[in-house]
Protein chains: 2
Amino acid sequence: MAERIGFIGLGIMGKPMCRNLMKAGFSCTVYNRTRARAEELVAEGAVVADSPKEVTEKSDIVITIVTDTPDVRNVMLGPKGVLEGARPGVVVIDMSTISPSVTQEIAAALEKKDVEMLDAPVSGGDKGAIAGTLSIMVGGKQQVFDRCLPVFQGMGKNINLIGGHGAGQMTKLCNQVAVSLANLAMAEALMLGAKAGLDLEKMLAAISGGAAGSWQLSNLAPRVIKRDFAPGFMVKLQQKDLRLVLAAANELGLGLPGVSLVHQLFNTIEAAGEGAEGTQILVKALERMAGIEVKG
Amino acid sequence: MAERIGFIGLGIMGKPMCRNLMKAGFSCTVYNRTRARAEELVAEGAVVADSPKEVTEKSDIVITIVTDTPDVRNVMLGPKGVLEGARPGVVVIDMSTISPSVTQEIAAALEKKDVEMLDAPVSGGDKGAIAGTLSIMVGGKQQVFDRCLPVFQGMGKNINLIGGHGAGQMTKLCNQVAVSLANLAMAEALMLGAKAGLDLEKMLAAISGGAAGSWQLSNLAPRVIKRDFAPGFMVKLQQKDLRLVLAAANELGLGLPGVSLVHQLFNTIEAAGEGAEGTQILVKALERMAGIEVKG
């Protein structure tokens with residue numbers, strides 16, 4: 001018999017992910033802090049529960065995807081939380097992006113009740129969530145991963161078990177490090193070209209296919225030069241993730257000067273009221289210093 | 001009748017580029033400061049000249065690819081240089097990577113003698129030079145570019161006229177900006193993963209295909225985790241190019257904080273005697289601060 005899925009957190013990511021699981025044939029019991037968002041899925045076959053505890057009582061595998069570390073801790077370990085409803089054999093998959101070290105703490109707390117946990121943050125944005133093509137970076141035990149693989153396959157494509165508890169979260173943070181600095185690479189290349197008066201479309205065509213090439217350069221630079229800052233991924237969420245990166249670096253005693261710089265530049269973007277724009281707006285931090293605009 | 005080519009500068013890039021032109025059917029008169037390197041091409045059909053002046057007298061299109069800005073200025077405008085041997089109608093193509101503003105000065109000096117110039121720096125390294133697959137970024141006039149296109153096609157694949165004099169050089173500098181920061185993106189992602197004890201091969205497999213992806217991450221990160229620092233592109237040449245970037249930024253009144261950071265980190269690599277290693281050794285600057293090594 002197919003696993004019964006519990007789904008907690010029906011935001012911009014969670015809702016399409018849950019929808020894809022139902023399309024794949026899984027029955028879903030759902031919970032969202034704002035209940036109206038959960039009700040929207042009832043017509044598609046979901047059952048709405050009143051608490052994470054109730055979701056867990058009615059499910060074999062419970063998925064959480066909420067905003068930040070304290071939210072996950074509360075949903076898991078707080079009153080009427082997952083732990084209160086859990087019985088031995090239940091698996092909890094946290095697909096939020098949160099602190100790797102807190103992930104390990106939560107996994108340890110659940111393990112005391114014979115509840116297994118996987119951390120499984122995603123990349124690919126809401127587009128990937130809707131299309132079911134998310135990359136899923138998983139930490140936890142191999143046998144638990146194997147059991148949950150059909151569930152992951154209902155939501156994503158590039159699915160990798162990296163290591164033990166927290167390894168999925170840490171890999172997501174490595175991803176955000178590389179994303180942030182590739183964004184700065186794009187921004188500074190555009191700034192130099194713009195200030196020098198180059199035809200930016202021609203410049204991008206000349207450099208994007210070689211050693212300078214990146215996903216950011218190919219996908220976001222054309223939007224920047226059209227002044228399109230609509231979010232693929234919002235600045236405020238990138239900043240949340242960079243805070244996790246820098247906190248992890250603090251815990252590890254590691255210096256990451258480049259990421260720190262990007263984080264500071266994004267602070268000025270948030271201060272300008274642009275936290276809900278897409279991350280490609282990073283270039284505006286440099287534009288304001290230079291008194292120019294990058295335009296195609 | 002095919003254009004007669006003059007080729008000045010037979011280093012790690014120039015020699016295979018000249019060889020490809022001869023294979024494509026162009027006759028070449030060559031000059032190199034160290035004459036022995038020129039003599040090596042005689043068996044393949046090249047004629048050796050005693051000076052850039054003599055090369056120019058015997059050629060319709062003169063290509064220069066030498067180390068740095070002063071070398072180009074000297075070859076072009078110095079004693080027994082290109083200008084002394086030039087007659088109206090000759091085209092000079094500088095394929096070195098040098099200062100965009102000095103390029104404009106040289107083009108103006110040549111134009112007074114009715115000599116046209118293109119700046120046409122390349123990317124793709126010695127591998128691209130040998131394979132004839134270089135990217136060529138060109139600045140100058142459209143009609144001169146059109147005349148020289150068959151010559152470029154003998155050496156490269158992605159050939160783009162970007163704008164007027166200096167636009168090729170400036171585009172190359174934009175390329176180096178993006179390359180440098182993509183390198184830092186790779187280095188910092190590897191450092192976080194290594195310090196956290198992740199399986200780095202698995203981490204790279206999980207993140208390289210998505211929004212974090214780049215040429216650097218796909219091509220150089222696997223070498224780093226095997227501790228392979230053999231040069232695709234040498235640190236000391238990258239540093240020369242970053243000095244050009246930062247000088248251009250100074251001239252333009254532009255702040256490029258990320259590139260400045262990479263340049264400073266590379267200074268510590270050069271101070272450690274590693275200037276002849278490949279650029280992927282940037283990660284060692286961070287390793288030394290953290291007291292760890294990134295290993296697969």
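Further up the page is the structure itself.
Within each chain, residue numbers correspond to sequence positions counted from 1 in written order. Chain A is the first chain written and ligand 1 is the first ligand written, with later ones labelled in order. Only residues with pLDDT of 70 or above have their local features reported here, since the model is predicted, and side-chain atom pairs are shown and tallied only from 80 upward, although totals for entire chains, interfaces and linings are computed over all residues. Excluded from the side-chain calculation are hydrogens and water; included are all heavy atoms of the structure.

Peer 1: Please explain the environment of N20(A) as it appears in this structure.
Peer 2: Residues and elements named next belong to chain A. Considering the arrangement of structural elements, one finds N20 in helix α1 (residues 14-23). Taking the C-alpha atoms as reference, N20 lies 8.4 Å from A131; in sequence the two are 111 residues apart. With residues up to four places along the chain from it excluded, the contact list for N20 reads A129, I130, A131, G132 and G154. Secondary structure elements are taken from DSSP: a helix is a run of H or I of four residues or more, a strand is a run of E of two residues or more, and numbering for both begins at the N terminus. We call two residues in contact whenever any of their non-hydrogen atoms come within 4.5 Å of each other.

Peer 1: Please explain the interface of chain A and chain B as it appears in this structure.
Peer 2: Tallying the contact residues gives 52 residues for chain A and 52 residues for chain B. Take the accessible area each of two parts loses on contact, using a 1.4 Å probe, and add the two losses: that sum is the buried area. Carbon and sulfur atoms make up 74% of the surface buried where chain A meets chain B, a total of about 4,300 Å² over both sides. If you sort the residues of chain A by the area they bury against chain B, E188(A), L192(A) and A211(A) come out on top, with a joint share of 14%. Only one rule defines a salt bridge in this text: a Lys or Arg side-chain nitrogen within 4 Å of an Asp or Glu carboxyl oxygen. If you look at where chain A meets chain B, you find zero salt bridges. By the criterion applied in these results, polar contacts are pairs of N or O atoms within 3.5 Å in which, for protein atoms, one can donate a hydrogen and the other can accept it, and in which residues neighboring in sequence qualify only through two side-chain atoms. Applying the counting criterion to the chain A and chain B interface returns nine residue pairs in polar contact (both at pLDDT 80 or more). Going through the elements one at a time, β8 (134-139), β9 (156-163), α9 (167-195), α10 (200-207), α11 (215-219), α13 (235-252), α14 (257-271) and α15 (283-290) of chain A are the ones with two or more residues in the side of chain A that touches chain B. With 19 residues, the top contributor of residues to the side of chain A that touches chain B is α9(A). Its residues assigned to classes, the side of chain A that touches chain B shows 35 nonpolar, 13 polar and four charged. Three residue categories are used. Nonpolar comprises Ala, Val, Leu, Ile, Met, Phe, Trp, Tyr, Cys and Pro, charged comprises Asp, Glu, Lys and Arg, and polar comprises the others, including Gly.

Peer 1: How should I be thinking about the pattern of salt bridges in this particular structure?
Peer 2: Proximity of charged atoms lets side chains of opposite charge pair with each other. Inspection of every chain in the model, using the stated rule, returns 34 salt bridges over all chains. Close ionic contact of K58(A) with E54(A) constitutes a salt bridge, the shortest N to O distance being 2.7 Å. Overall, the relative accessible area of 37% leaves K58(A) in the partly exposed class. Given a relative accessible area of 17%, E54(A) falls into the buried group. A salt bridge links R19(B) to E44(B), with the nearest nitrogen and oxygen atoms 2.8 Å apart. Highlighted residues: R19(B) in helix α1 (residues 14-23) and E44(B) in the loop between α2 (35-39) and β3 (47-48), separated in sequence by 25 residues. Relative accessible area serves as the criterion here: at 27%, R19(B) is assigned to the partly exposed category. Looking at E44(B), the relative accessible area reads 38%, which means it is partly exposed. Think of it in three bands: residues with accessible area under 20% of the maximum for their type are buried, residues over 50% are exposed, and the middle band is partly exposed, with areas taken using a 1.4 Å probe on protein chains only.

Nothing here speaks to function; it is all geometry.
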